[in-house]
Each structure stands twice: as structure tokens, then as C-alpha cells.
Amino acid sequence: MLRPILIHPDPRLKKVCAPVPDLSDELRALADDMLETMYDAPGIGLAAPQIGVMDRLIVLDCSKDDEAGEPPRPLVMFNPEVVAGSDEKNVYEEGCLSIPDQFAEVTRPKVVDVRWIDRDGNERSDTFDGLWATCVQHEIDHLNGKLFIDYLGPMKRQLITRKMQKLKREMARD
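What you are looking at is a predicted structure, and each value in this text was computed from that prediction instead of being measured.

### Quick notes on the layout of surface pockets
Next up, step 1: Quantified by volume, the largest pocket comes out at close to 420 Å³.
Next up, step 2: For the largest pocket, the lining is made up of 22 residues, of which Ile44, Glu94, Gly95, Cys96 and Phe103 are closest to its centre.
Next up, step 3: Elements supplying a minimum of two residues to the lining of the largest pocket: strand S4 (89–96), strand S5 (99–109) and helix H2 (130–143).
Next up, step 4: With six residues, H2 is the largest single contributor of residues to the lining of the largest pocket.
Next up, step 5: Looking at the lining of the largest pocket residue by residue, the class counts come to ten nonpolar, eight polar and four charged.

So this is what it looks like as C-alpha cells:
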């Protein structure tokens, strides 16, 4: 089921999410809804607070945009955490489904080690590089109440926030 995506500024996007204490069929269904919503948007990542659910859950799939025709590789992560990051940095032009049509360069570690619980309740860990590393860090930031625009200077951040306020007013009129 498609879920509506919250648009910045929304106070829920600035809140720290609670850890998922135990997996349930409802949470697995939520993860499925999030993947469907992410693919429909279209996006490469989505965090539960972006649909108004304050749980530590993210979904991502950076392979779907690959020109090499790589098959989709959807990942569902409960309670994800970055356990290590490289000293080497990468700069990507990031966007966000909660901040539509706005993009800015953000510098993050190029490689990160992440630990999480998968949809079957197994603890997993993996190393992510390049776009996957950027995406997983971006989505984990959402769980901590942080948006990609928080990495920008105050002028650029205020400009984007004003554009989003205007967009929300226009959407409310429609």
C-alpha cells in the first residue's frame, strides 16, 4: 500500500526515532509498504519517519537506477547503525523524497560498515561504498531527526525550507 510522504518542514522529520524492540507482521507489512512507496516515488531510500512512523526502520535500493540493468536489490533495515566510517570522503548531490526537487552536494564517508536487523529478525552487517554508503547514511540520518539540508549553510537551508513551505501551501490548495 502506498503511503503519503511527509514534506519538510514537518516536526516529525526532526524527531529521533525509537528502536524497534521486536519484529512483528505489522512491521514487516510496513517495510513492504515503504518499499512500494519508495519505488513509486521514485526514490532509492525511504525512512519510516518520512511516512510519519517514528520507528527505526529504513528501506533502500540503489541498484534500480543502474544503467547496467542490475536487478533490484531491496534492503530492509530495522535498527540500522553505522559502526565504522572511512576517513576517505565522497561528495554526492543528494535529494530527498521529503524535500522534492531540491538537491545539494553533501560530503560523507565514502565507505561505511552498518549493522542492522533484517526482516527475518537476523542481525546482519555489511560494508557499503559509493552511492549505497551515501544512501544508507542519509536514511539513518532521518532516524536521528537529521535532513540532508542540515549539512548546508544557513542561507541555502533557509532558501530550501521557504520553497518547501510554499510547495506545502500550494498542495493544500489543490
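### Thoughts on the pairing of strand S2 (residues 57–60)
Next up, step 1: Across the two faces of S2 the burial is the same, with Leu57 and Val59 and Ile58 and Leu60 all buried.
Next up, step 2: Looking at chain direction, strand S1 (residues 45–47) and S2 are connected through three bridges and run antiparallel. Bridge pairing in S2 places Gly45 opposite Leu60.
Next up, step 3: Bridge analysis of S2 against strand S3 (residues 75–85) gives four bridges, and the strand direction is antiparallel. Within S3, the position partnered with Leu60 by the bridge is Leu75.

Rules of the game
Residues numbered from 1 in each chain as written. Predicted model: local features only at pLDDT ≥ 70, side-chain atom pairs only at ≥ 80, totals over all residues. Heavy atoms only, no water. 1 Å grid on protein atoms, 1.4 Å probe; cavity = no way out; pocket = protein on both sides within 12 Å on 5 of 7 lines; lining within 4 Å. Points joined across faces, edges and corners; volume = space filled by probe spheres on them. Helix = DSSP H or I, 4+ residues; strand = E, 2+ residues; numbered from the N terminus. Nonpolar A, V, L, I, M, F, W, Y, C, P; charged D, E, K, R; others polar. Buried < 20%, exposed > 50% of the residue type's maximum accessible area, 1.4 Å probe, protein only. Pairing = 2+ DSSP bridges.

Geometric descriptors of this kind do not, in isolation, establish any biological role.
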